[in-house]
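Descriptive structure summary
Next come the chains, spelled out residue by residue.
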Amino acid sequence: MNRTNPGIVAIGLAIAAFLLAFLVVPVATVVYTAFSNAEGGFTLAHFSAFSEISLMRESFANSLYVAGMTVLCASLLAVPLAYLTVRFQFRGAALIHTLGVLPLIMPAFVGAAAMQLLFGRSGSVNLILNDAFGFTLPLMEGLHGVIFVETLHYFPFVLLNLAASLANIDTSMEEAAQNLGSSGFRLFRKIVFPLALPGYIAGASLVFIKVFDDLGTPLVLNVTNLLAPQAYLRVTSIGLEDPIGYVICVILVVFSIAAMSGSWWFVQRRDFAIQSRGGVSAPLRRLGPWQTVLANGWIALVMLLVLSPHLGLLLLSLSKVWSFTVLPEQFTLMHYATVFEDSTRMIWNTFLYCGLAALLDVILGTAIAYLVLRTKLPGRQLLDHMVTVALAMPGLVLGIGYLRTFRGVELPWFGPLTASGVIFVIAYAVRRLPYALRSCMAALAQIHPSLEEAAGNLGAGRWRTVRRIVVPLMMGGILAGFVTSFVTAAGEISETILLTSRESLAPMSYGIYLYMQSIAGRGPGAALGVIAVVLIGVGTWYSHRLVAARAPRDVPGEKT
Amino acid sequence: MSLARLTLAAALLAPALGLADTVTVVTSFPKELTTAYKKAFEAKFPGDKLEILNKNTAAGIAYVREQQPGSRPEVFWASAPDAFEVLASGKLLQKVDSGNAAIPARVGAYPINDPEGLYKGQALAGYGIMWNTRYMAANKLPVPKEWADLAKPVYFGHVATSSPSRSGTTHLTVETILQGEGWMNGWAQLLAISGNCAAITERSFGVPDGVSNGQFGLGLVIDFFGLAAKNSGMPVEFIYPSMTAIVPANIALVAGAKSPEGGKRFIQFTLSEEGQMLLLQKDISRLPVMPAIYAKAPAGYPNPFSGAIQAKVNFDTELSESRYYVVVALYDQIVTFRHKELAAATKAVWEAEKRLAGKANPQLDEAKKLVFTPPVDDKQIADKALLALFKADKKDETASKQKAKVEEEWASKAKANYAKAVELANAVK
């Protein structure tokens, strides 16, 4: 089973070549710049310069604080939500899961801008508070504003991964515990949560890393004392040659790798695999009447918060004038007309690029997960580590790396690579690959190898086993990976701005960004944002339905 | 040569023959403006296709630089005159001879077109103050007239500005104040205004956006942001303070473009009466460079040729360019990245002033001096070595180390001064 055959080697090499060209080389350029002096020789001067700047030390501490707090807050939101909807009889659980993904599909800067209108200094909430009680809450100010927005934006990572993990746990474990008298919080703490830990850790480490190097949200909230904004400000205002910007990038990379390997080591040192996944899963439990009220109240509160940026965006897209009032004063549909007249091309581009990128991601993700967890291919861990690096790369820097590395490369049919749609697909696929890979890894880690061994004993070859046993069992994770890749790519902005060479090639997020840069354009920008949210929301919901139809047991919330 | 002549003839005939040219325009202007020009231009020249490439000014320069000759975009179109100087010194611009004879050579004392003929003024822009009337009424704030007003205690926490390192137009505003008031006074004013700010926004558009939706009361903006918001029905007003400068926003043909003839056609179009008229559209609201257009403008439209805008400052582009890197780095080190501390110190000073109710107090004077004095004085800013250090090659190790050291000195001095000022001001009884 574990012998390395030529097919495996070929697949491994192909993936390695892809990652080498589109990830390692651009990243290497960045690292090289951080360590090289004017003559191209090795130097540590840039790092010592970095450590001598108090602003950099402060930014470093702030970044750690914001990322850590966001993980904590996101867990507080996501864990109860995942547990309640997967384990208990709940009306509309699928709806909750779909809605829970929504924050991810909204570009961070749009979400933050919409939340300013509701929670900002003169946002609806503060205007009401000020009228009624004479005080306001600084919800969107400083580091805590960033934590607030990031929590709402990134908690779906924990929710998605944890829900997939929970759904994969054999409920007989819980039944056994219940038979032995365990229930309620104790059952969750002792049995359910530890078994679902791979999913939780995967989600939490993702949140940490994304927040650690997120650019859009701090910039919209005008918080600059964080590492990623500092890197961006140095690179864009001082120039591409500024070494400190590259030093920060190297630090971001190092930290992300540390966080990832930490979570990896944690999952590895314990055995989470469960042997039996077949059989009939236990019926969903019922909550007591009080519990139901509490649970519903909690979910309603969370959903209200989660949907608030969307609500703000919807109101903005329908409003003619919205200034210093709780709600817009005049409503209009003209912004939608503007969008449909000018920007249908952008909507189509988003689907094309993000769909292809996500497809590429799950194919690569499944292949890499399999190579890493199920073969002894030499250097297989390296693939995983290479993908992890993609997470840590600010899109801006990777984008610059692409433009530099592939300048002048011509493709048949498409013309210059950097001026074609292909570059978007590649850029999105590379940076979203880690999400897909984490989902695929978590899904595969939960399948006990004995299932494959059994198939092997019954005479199935490796490919047949992968096709008939492994992939179907992983389907929940694969789809979660596809959806995560797709929706986050649709909201990506920093790479997109850099790589857009013509407006006719631009995807929706670029359009929203463009519109949002003008007073009269905020309405059309918001309208385009609403269309994006609706289209992708429907897509997500449909993919849940799809999995439900094919493998009912794998989908949280579809068991009625 | 006959081939060249043939190409020329073909290019000249192109619009008549309906030969297709794609004209790519790199610009930092908002979508309303570019869409209006795209529609009008394509209607007039059905053979041409206009591709808009929206980038902020700095990114636009980098983009033009990185393209190979022959595949570069045709036209560069942006506000900051410095940007065109940078492109010109990089030999990236090509002279355009034709123009519009109805456009004068100067506005005030400032030349509208580049003396070398490499770029042309396409619209005019002044800098001013924009405010939200509802916000002002709700917070009972007086209407400001001058930049100096924004440095008053009453506006604490109500103002917004962007950072000059992030926005070319904010840099022009800062430089205008520095040139108008002189280096030391200018910084004292800038520090007080920034101390009064609720936020130093990352994008220049963050200011008009925040003022329009009522997040901030007042903001420092380029005129068309204020005028377009007002004309789109937002409850905002805009004024030019007397200490402002009127500077052209320019358009230029990029050297080594794919279809220079198409580019010339577009530039010509933007300078024609038809192109200038588009600037008056409500959601664009920019100032045309062709004086005759103002006769067709709605009543009350600001006219820089009539003397309605005072514009006391004669903007010195050379001076601005020579110290650009020092000014933006200094602003970031002592304001943008230390804004929390600066605002706290400003607040402490205003509160002490209020407690004293007009009485003189040496401790308060000391505190004010600490907060409102820049770490670089007027002698140091004239120092060629300092200017050269900030312009040095970024890969030069010793220079970048030394630069980092200088910046660190500014930052730590500012931080210490702000803390000391809070202490002193709070001790004032």
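Just so it is clear, the model here is predicted, and its values are computed rather than measured.

Cut-offs and rules
- Every chain's residues receive numbers from 1 upward, in the order its sequence appears when written.
- The order in which chains are written sets their letters, starting at A; the order in which ligands are written sets their numbers, starting at 1.
- Only residues with pLDDT of 70 or above have their local features reported here, since the model is predicted, and side-chain atom pairs are shown and tallied only from 80 upward, although totals for entire chains, interfaces and linings are computed over all residues.
- Secondary structure is summarised from DSSP: a helix means a run of H or I of at least four residues, a strand means a run of E of at least two, and numbering begins at the N terminus for each.
- Between the buried cut of 20 or more and the exposed cut of 12 or fewer other C-beta atoms within 10 Å of a residue's own C-beta lies the partly exposed class, and all C-beta atoms are placed from the backbone.
- Contacts here follow a simple rule: the backbone-placed C-beta atoms of the two residues must lie within 7 Å.
- Based on C-alpha atoms, the radius of gyration is set beside the globule rule, defined as 2.2 Å times the residue count to the power 0.38.
- Axis lines are fitted to C-alpha atoms, over the contacting stretch for helices. Their N-to-C directions set the angle, which ranges from 0 to 180 degrees.
- For this classification, under 35 degrees means roughly parallel, over 145 means roughly antiparallel, 65 to 115 means roughly perpendicular, and everything else is oblique.
- For any pair of crossing helices, the crossing counts as left-handed if the nearer helix is rotated counterclockwise from the farther one by less than a right angle, and right-handed if it is rotated clockwise.
- In this classification, Asp, Glu, Lys and Arg are treated as charged, Ala, Val, Leu, Ile, Met, Phe, Trp, Tyr, Cys and Pro as nonpolar, and every other residue, Gly included, as polar.
- For the purposes of this description, domain bounds are those given by an automatic or database domain assignment.
- Paired strands, in this sense, are two strands between which DSSP finds at least two bridges.
- Note on handedness: a clockwise path from strand one over the helix to strand two, with the strands aimed away from the viewer, defines a right-handed crossover.
- Residue-level confidence of the predictor, termed pLDDT, takes values from 0 up to 100.

The number of helices and strands found in chain A is 24 helices and two strands. Taking all 560 residues of chain A together, 54% fall into the buried category. Pairs at least 24 apart in sequence give 79% of the contacts found in chain A among residues at least 6 apart.

Here we take up the overall build of chain B. Helix and strand counts for chain B come out as 19 helices and 14 strands. Taken against the 2.2 N^0.38 rule, which gives 22 Å for 429 residues, the C-alpha radius of gyration of chain B at 23 Å falls within 12% of a compact globule. Counting every position in chain B, which comprises 429 residues, the buried fraction comes to 54%. Considering only contacts in chain B between residues 6 or more positions apart, those separated by 24 or more positions represent 79%.

What follows covers the interface of chain B and chain A. With 52 residues of chain B in contact, the opposing surface of chain A contributes 46 residues. For the side of chain B that touches chain A, the leading source of residues is helix α19 (residues 397-427) of chain B, giving seven residues.

Right, let's get into the packing of helix α16 (residues 344-374) of chain A against helix α19 (residues 421-445) of chain A. Residue and element names in this part refer to chain A. Between α16 and α19, the least distance of the axes is 6 Å, while the angle of their chain directions is 40 degrees. Classified by the interaxial angle, the pair formed by α16 and α19 is oblique. Where α16 crosses over α19, the handedness of that crossing is right-handed. Class assignment for the residues of the contact of α16 with α19 results in 24 nonpolar, three polar and two charged.

Right, let's get into the domain arrangement of chain B. Residues and elements named next belong to chain B. When cut into domains, chain B gives domain 1 (2-124 + 248-296) and domain 2 (127-244 + 323-424). Taking only C-alpha atoms, the centre of domain 1 and the centre of domain 2 are 33 Å apart. On the side of domain 2, eleven residues touch domain 1, which itself brings eleven residues to the contact. Tallied by class, the residues present in the side of domain 1 that touches domain 2 amount to four nonpolar, three polar and four charged.

A word on the packing of helix α20 (residues 449-457) of chain A against helix α21 (residues 462-490) of chain A. Residue and element names in this part refer to chain A. Two elements in contact, α20 and α21, have axes separated by 10 Å at closest approach and are oriented at 140 degrees. In terms of their interaxial angle, α20 and α21 are classed as oblique. Of the two possible hands of crossing, α20 and α21 adopt the one that is right-handed. Along the contact surface, α20 presents Leu451, Glu452, Ala455 and Gly456, while α21 presents Thr465, Ile469 and Val470. Here the contact of α20 with α21 is built from residues that sort into four nonpolar, two polar and one charged.

Moving on, we get to the pairing of strand β1 (residues 21-27) of chain B. Residues and elements named next belong to chain B. Of all seven residues in β1, six are buried; the element is thus mostly enclosed. Pairing of β1 with strand β2 (residues 48-54), which is carried by seven bridges, proceeds in the parallel orientation. Paired with Thr27 across the bridge in β2 is Asn54. Handedness of the crossover is the feature at issue here: the chain leaves β1, passes through helix α2 (residues 31-44), returns alongside β2, and the resulting connection is right-handed. Where β1 lies against strand β3 (residues 75-78), three bridges are found, and the strand directions are parallel. If you follow Thr27 over to β3, its bridge partner there is Trp77.

This next bit is on the environment of Gly401 of chain A. All names here are of chain A. Turning to its location among the elements, Gly401 is positioned in helix α18 (residues 395-405). Overall, the presence of 22 C-beta atoms within 10 Å leaves Gly401 in the buried class. Sequence spacing of Gly401 and Asp242 is 159 residues, and the spatial spacing of their C-alpha atoms is 15 Å. In contact with Gly401, other than residues within four places in its own chain, are Pro26, Val27, Thr29 and Val30.

A few words on unusual backbone geometry. The general pattern is negative phi for most residues beyond glycine and trans for most peptide bonds. Residue and element names in this part refer to chain B. Backbone geometry at Lys91 places phi at a positive 55 degrees, although glycine is not the residue there. Mapped onto the elements of the fold, Lys91 is located in the loop between α4 (81-89) and β4 (93-94). Look at Lys91 and you get exposed, because 10 C-beta atoms sit within 10 Å. Positioned with a positive phi, Ala357 is a non-glycine residue whose angle comes to about 50 degrees.

Our next topic: the pairing of β3 of chain B. Along any regular strand the residues' side chains alternate between the sheet's two faces. Residues and elements named next belong to chain B. Every second residue of β3 is oriented toward a common face, with Val75 and Trp77 on one face and Phe76 and Ala78 on the other, all of them buried. Here β3 pairs with strand β13 (residues 247-254) via four bridges, running antiparallel. Pairing of Ala78 across the sheet is with Asn250, part of β13.

Let's shift gears to the sheet that holds strand β11 (residues 218-222) of chain B. All names here are of chain B. With mixed pairing, the five strands of this open sheet are ordered in space as β10-β9-β11-β8-β12. Two strands in the sheet have a free side with no partner beyond their single neighbour: β10 (197-201) and β12 (236-239). Taking the axes of each pair of neighbouring strands and ignoring which way they run, one obtains an average angle of 25 degrees across the sheet. In this sheet, β11 lies alongside strand β8 (residues 127-132) in antiparallel orientation, the contact comprising five bridges. By the bridge assignment, Met130 is partnered in β11 with Gly219. Across the sheet, helix α10 (residues 223-231) is in contact with β8, β11 and β12; its angle to β12 comes to roughly 145 degrees.

A separate point is the environment of Glu150 of chain A. Residue and element names in this part refer to chain A. Structurally, the position occupied by Glu150 is in helix α7 (residues 142-168). Owing to 28 C-beta atoms within 10 Å, Glu150 belongs among the buried residues under this scheme. Spatially, the C-alpha atom of Glu150 lies 9.2 Å from that of Lys210, the residues being 60 residues apart in sequence. Setting aside residues up to four positions removed in sequence, Glu150 forms contacts with Thr70, Val211, Asp214 and Thr217.

This part takes up the confidence of the model for chain B. All names here are of chain B. Counting all residues, the mean pLDDT for chain B is 88, and 95% of those residues have values of 70 or more. At the level of individual helices and strands, chain B shows its lowest average pLDDT in helix α1 (residues 2-17), which scores 46, and its highest in helix α8 (residues 183-196), which scores 96. In this model residues 8-19 is a low-confidence stretch, pLDDT under 50, and it forms eleven contacts with partners more than four residues away in sequence or in other chains. Of the two predicted TM-score estimates for the complex, the pTM is 0.79 and the ipTM is 0.74.

With that settled, consider the confidence of the model for chain A. Detailed reading of the predicted model is not advised wherever pLDDT is low. Averaged over all residues, the pLDDT of chain A is 81; the fraction at 70 or higher stands at 90%. Predicted confidence is poor over residues 551-560 of chain A, with pLDDT under 50, and the contacts of this stretch with residues over four places away or in other chains come to 31 contacts.

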